[in-house]
Each structure stands twice: as structure tokens, then as C-alpha cells.
Amino acid sequence: MQSRFFLLLFVMAGLVVAFAPFPVRPIAPQERTFRIEAGQFAYSSSEIKVNPGDTVNIQLVSTDVVHGLYVDGYDISIEADPGQTKTLSFVADKPGSFRFRCNVTCGAMHPFMIGKLSVGKKVWFYRSIGLSIIAIIGFLKFPRRPVLITAH
Amino acid sequence: MELTRLPFLKSALKSRYSQLAVFIVMLVGYIFVILAGLIGTPVGSHNFSIVFVWIAWWAILILVAVPFFGRGWCAVCPIPLPGEWLQRGAVLNPPDKKPRWLNLRWPKFLRNIWLQNISFLLLALFSSVLLTTPNITGIVLAAMLFAAIGLSMIFERRAFCRYLCPVGGFIGLYSQTAPIELRIKDKQVCVVCDGKPCYNGASTVGLDVQRLNPPLSANSNTGYGCPWDVFPGGLTKNTYCGLCMECIRTCPHDNIAINLRPFSADLAKPSTRLDEAFKAFIMLGSAMIYAGVLLGPWGAFKDAAYNVGTSAWFIYATIFLAIIFAILPGFFWLMISLTSRPFAKHPFGAPIGRGVGVRKFASLTTALIPLGLMFWVAFSLSFVLTNATYILASLSDPLGLGWNLFGTANAVWQPMLTSILAPAQTLALVGGLIWSARTAQKAANEVKVSSVPVVIYCFITTLVMLGLLL
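Residues numbered from 1 in each chain as written. Chains lettered and ligands numbered in written order. Predicted model: local features only at pLDDT ≥ 70, side-chain atom pairs only at ≥ 80, totals over all residues. Heavy atoms only, no water.

Section: the confidence of the model for chain A
- With 93% of its residues at a pLDDT of 70 or more, chain A has an overall mean of 86.
- In this model, residues 147-152 of chain A is a region of pLDDT below 50 whose contacts with residues beyond four sequence positions or in other chains number five contacts. (pLDDT = per-residue confidence, 0-100. Contact = heavy atoms within 4.5 Å.)

As C-alpha cells, then:
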């Protein structure tokens, strides 16, 4: 009976961690500009951090061949010819961690030309940690009963 | 639940013709992939070989085939076929009693999966080139085909599949988690069975089913011995059964069944083999390294992994091998040896020793099998969903010759389902952690130590993977 109660408790805790709104400290939106140089097969600023609501301007400069920049989750992109600068502007209204990647075939490692955009907290990362901790506490608190060895 | 009780399934599995039809399609596809790699467009993301092998096939393998069908891929893999046909001197018939080629036994000291560990690592170290360069993919696939043929000429049965295939090694490891198995129905039938035709082949042991009473399976006369060098009567886990279905056809007593079972049933009895333990570390470590190098934002790592032969690549290779052979297993050993304590007593009252021997170490690594599988699922989700739209373009123009067979040659690249990617990866990784913790508890019970250090190890590695992917 007691173990069922604790199981229910762990499941409830897991649901809260997985789906409850993530607590965020309100920060006044700003306009942020990033200059990113793209060359085979990396972005010079490969990790960008902004706050939710910020207006983001990404100035993409290609240093060798034609490169692009596509932001997962936001589904927006730009392309820049060699030596040119193109600007992508958007409001970062979706919190979380997103990859941005080259969307113009630029060479062998093109599919892996990737950067990271963090908008506020990495929500799913923290949720995952919370869920993992709950799972581990559950296992440590209620270990599988060992098979007892008995002498006959 | 015995699936072979279903008449249509049983007749399909017993029929050589239905299997041959699948094999021919697969073999033609395999040869076409090799050709596409060698003569198709050099642009990897538009080449049929790259797109179909490393996106489509890989997605099917790691997201569906291995978790749900175990060695289901091995059952239809075309790589051993030409060699096996040459070895037997026939496509459908069993071999003559007299071997056509050298027919040697595989050397005893190599009867383990160390060669498969090495072959996988070789591919893994060159994976950035392999995954992106069509002619390298074509050459590697052709080399695997010719290696399988060569080994079939020298050694008996499917030596390549059993001991050398870089893919077969990890499929075998993870097939233990699958909810499907091939097993005998009644052990006693195998014990008294004359000549063990399922292992030796019906023609080799001179079995004539017409003379047996009661009359037995009519197919048995045409059956041949297990190509995977496994005696089905001794099967206790999926690792080395290639699901070729030959024993189902050969068994004169109809004593072989395909069963549905709970997930990871094989892991209840942990393996004590070090080669299998290191396979678990190789797979776990490779998934983590790939997540960091291929999907991470660090361009220097990608450069190092791609520029084979440079000093950066040698540093990358050294770190790769150090993580797999020293850091991951060393940390695992440290965890279980520092905190290992017995919770049970020997039947005669003596406490069980504190030391962590090879047996305990290998047994406890069983917990890393579901964890590694789910690491690969999480990694592959990201890679596959991002690049799946390349499949449409390469289907219409597989050789890059300007064709537009299905009107999709100009399909625009677009990542798929990116909004559900993070939740799906969370589900896979946290689910894998729970699955591993459960497996760790079973394995720890078997070797009579605490499961806590293994669970904590799984937790820490999961955190690292979460950090790399999310």
C-alpha cells in the first residue's frame, strides 16, 4: 500500500517537472546584434544566448563559399554569398535551446555545420535533469528486492 | 507468446522462396548503393548511398529494427549472401557433404567479438569522412561484401557476420533488449535428437525425414546447419542468433519457435564476457562523442574528426579511444570498486568478497546496454529528423544525373518535427536511465553487490548526454 502511494507520488512529481510552467525572472527585452562568420564547417560565434522577448539581429558573413543559417524551431533562414553580409532579424519569443545550421550545401561536413541558440533557460535540459533525479531517487528508495540465498 | 503458431507466419518463415525474394531485392539495392557511392554525385547530402545508408537505413535500424526486432536486420542483410551461395555451391539447396572450399573452423582464440569491436572502432574513427563522402561509403560497403565472400571461402559458415561485421556486433549486443527471440520449445527434444541437424545440417548428418516415425517436417532434408555457428538447443540470449530461420526449416521435430517476450528479457542473466562488456562501453562512448562532435557547436572538433591523417585527427583519435577504453570503463570500475559492498551472505554464512573481478565488472556493464541503445536513439532522432528530407531528393535522382523520377528531385531541405525533438530526446534518455537502473538492479542481484554505484554511473553519463544534446 505504502509503495503504491510512493509510486503515485513519484509519478505526480514527474508530471509536474515535465509539464509545469518553467519559472522565469522577467527581464526587459533588448535588441541584440551578433556578427557570425561562417566558414567551412563552423560558425565563429557558435553559441548565442539571448533572453525571451529579445529582438535578435544576426549578421551572417560568409568567409569562403555560400553558407546559410537556419534556426530550428523558429524555421527562419538567411543565405550569404562569400564576402557578403546578410542580416536575419527575429523576436526570440520561443524559450529553450535551438540549433542553427547551414542550409546551403557547402561541402562534405555541411550536415554537421551547427551552432546553438539559447533563449532564456534550457528548459528541456533542466526538466530532463529533474526527471532523472526523480527516477534515481525512486530506484534508490525502492530497490529491487535481492534474491535471497537459502541453504537447504 | 509463440509467433510461429500463426500458420501464415510460420509458412512464410519456412519458405526459402519468400526469403530469397527479399534477399534478391536487398542485394540489388546494396549493389546499387555501392555503385551510387562510386559513380554518383560527390555531394554527400544528395548522393543515394550517403542518404540511404546513413539516414534512411540508419533510422530504420536504430529506431525500429534493433529495439523491436533485435537481429531483424541480420535476417535480411545481403552482405553474407554471395559468399554463402559460393560456399554451399547452391542458392537454395543445402551444401554437399564434401566441402567445396577450405571450410576451416574459425580460430579458437578469435571466437569472441573483439574483432567486431575493432572493426566498429575503425569505422567510428573515420566516421566523419565515411558519413559525408560517397565514394568512401561505396568502398567500405564493397569491402564488407568482398570480406564476407573471402571469409566464406576460407572458413565455414558465416564467419564475417559472426566475428567481423562492425554492425553485427552492436546489433547483437542490443538485440538482447528486443521483445522477440528464437528459442527451442522443448529442451529434451534437442537432447535426444540424432545428429543435431539444426547445427550440422540435415544432409551432413544423413537425415532422411521420410524414414523417421512419426513423419516429420518435409523441409528438413533440404536444411543446412546454422550459418551463425550456434546450436539452437543452447540458445539463452539473442546476441549470436542471426534470425536466419534456417533452424526452423531444418529441425525435424518442429522444435524451434519465434516468441514474443518482455523487453530486455536476456539481460536478466548478465554476460560475464569482457569483449561484450567493452562493446557496451564502445557504443556508449561513441554515441556521446558523436553527439558532441557531429551535433555540437564546436567547429574545431569537426575539423579534427574530418581531416584524417592530420595531427588534429590523431589527437581526436587518441581522445576517442581514451574515452572508450580508459575513461568510461575506468570510471565505471572505480565506482563499483570504491562503493562495492555485499548485501547478501553466502549460504554458509561467509560474507561475499569485496573485490571487483572481471566477472563482476562484466556482469554489471549489462546495465549499460539499454542506456547505450537509448543514447543512440536520442542521437539518431536529431540527426535523422534534420536530414530526412534529403531522402526525397535522392530518390528522384539517385545518381545525381539530373533525373527527376518521382518529381521530388528539387525537394527543399527542411528539418522535420524540430518542436518535438527535445521532448522526444528527453523521453529516450530518461527512459533509458530508468531502464538501465532496473537492469542494474537485476545484474547487481546476480553478482550480489549493490546496484547504487552503477545507477549513479548511468545517471552521470545521462547528464553528460543530456547536456550534449539539449
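Once the structure has been displayed, the description carries forward.
Details of the confidence of the model for chain B
- Per-residue confidence for chain B gives a mean pLDDT of 89, with 91% of residues at or over 70.
- Of the regions scoring below 50 in pLDDT, residues 343-353 of chain B engages in 16 contacts with residues more than four places distant in sequence or in other chains.

Digging into the interface of chain B and chain A
- Taken together, the contacts link 48 residues of chain B with 42 residues of chain A.
- With both sides pooled, the region where chain B packs onto chain A buries about 3,900 Å², and carbon together with sulfur makes up 69% of that total.
- Linking chain B with chain A are nine residue pairs in polar contact (both at pLDDT 80 or more), by the criterion used here.
- Contributions of two or more residues to the side of chain B that touches chain A are made by α7 (127-132), α15 (299-306), α18 (368-387), α20 (418-447) and α21 (452-469) of chain B.
- If one sorts the elements of the side of chain B that touches chain A by residue count, α20(B) sits on top with 12 residues.
- Considered class by class, the residues forming the side of chain B that touches chain A number 27 nonpolar, 15 polar and six charged. (Buried area = accessible area lost by both parts, 1.4 Å probe. Polar contact = N/O pair within 3.5 Å; in protein donor to acceptor, adjacent residues only side chain to side chain. Helix = DSSP H or I, 4+ residues; strand = E, 2+ residues; numbered from the N terminus. Nonpolar A, V, L, I, M, F, W, Y, C, P; charged D, E, K, R; others polar.)

Things to note about the side chain of R71(B)
All names here are of chain B.
- Relative to the elements of secondary structure, R71 occurs in the loop between α3 (48-69) and α4 (72-76).
- At 3.1 Å, the side chain of R71 and the backbone oxygen of G168 are in polar contact.
- Setting aside its immediate chain neighbours within four residues, R71 contacts G168, I171, G172, S175, W228, N238, T239, Y240, C241, G242 and L243.

Brief notes about the packing of helix α14 (residues 274-293) of chain B against α18(B)
All names here are of chain B.
- The N-to-C vectors of α14 and α18 enclose an angle of 25°; their axes lie 9 Å apart at closest approach. Relative to α18, the element α14 lies roughly parallel. For the element pair α14 and α18, the recorded crossing hand is left-handed. Residues A280, F281, M283, L284, S286, A287, M288, Y290 and A291 of α14 lie in contact with α18, whose contacting residues are L368, I369, L371, G372, F375, W376 and F379. (Axes fitted to C-alpha atoms, helices over the stretch in contact; angles between N-to-C directions. Parallel < 35°, antiparallel > 145°, perpendicular 65-115°, else oblique. Left-handed = near helix turned anticlockwise from the far one by under 90°.)

Section: the pairing of strand β6 (residues 76-80) of chain A
Residue and element names in this part refer to chain A.
- With five bridges connecting them, strand β5 (residues 67-71) and β6 associate as antiparallel partners. Bridging from a neighbouring strand, H67 pairs with A80 of β6.
- Once β5 ends, the chain turns through four residues before running back antiparallel as β6, passing G73 with a positive phi of about 85°. (Pairing = 2+ DSSP bridges.)

Description of the sheet that holds strand β4 (residues 55-62) of chain A
All names here are of chain A.
- The strand order β2-β1-β4-β7 describes an open sheet built from four strands, whose pairing is mixed. Across the chains shown, the open sheet's two edge strands, defined by having one partner strand only, are β2 (42-43) and β7 (85-91).
- Where strand β1 (residues 31-39) meets β4, eight bridges bridge the pair, whose relative direction is parallel. Its bridge partner being in β4, E37 is matched across the sheet by V61.

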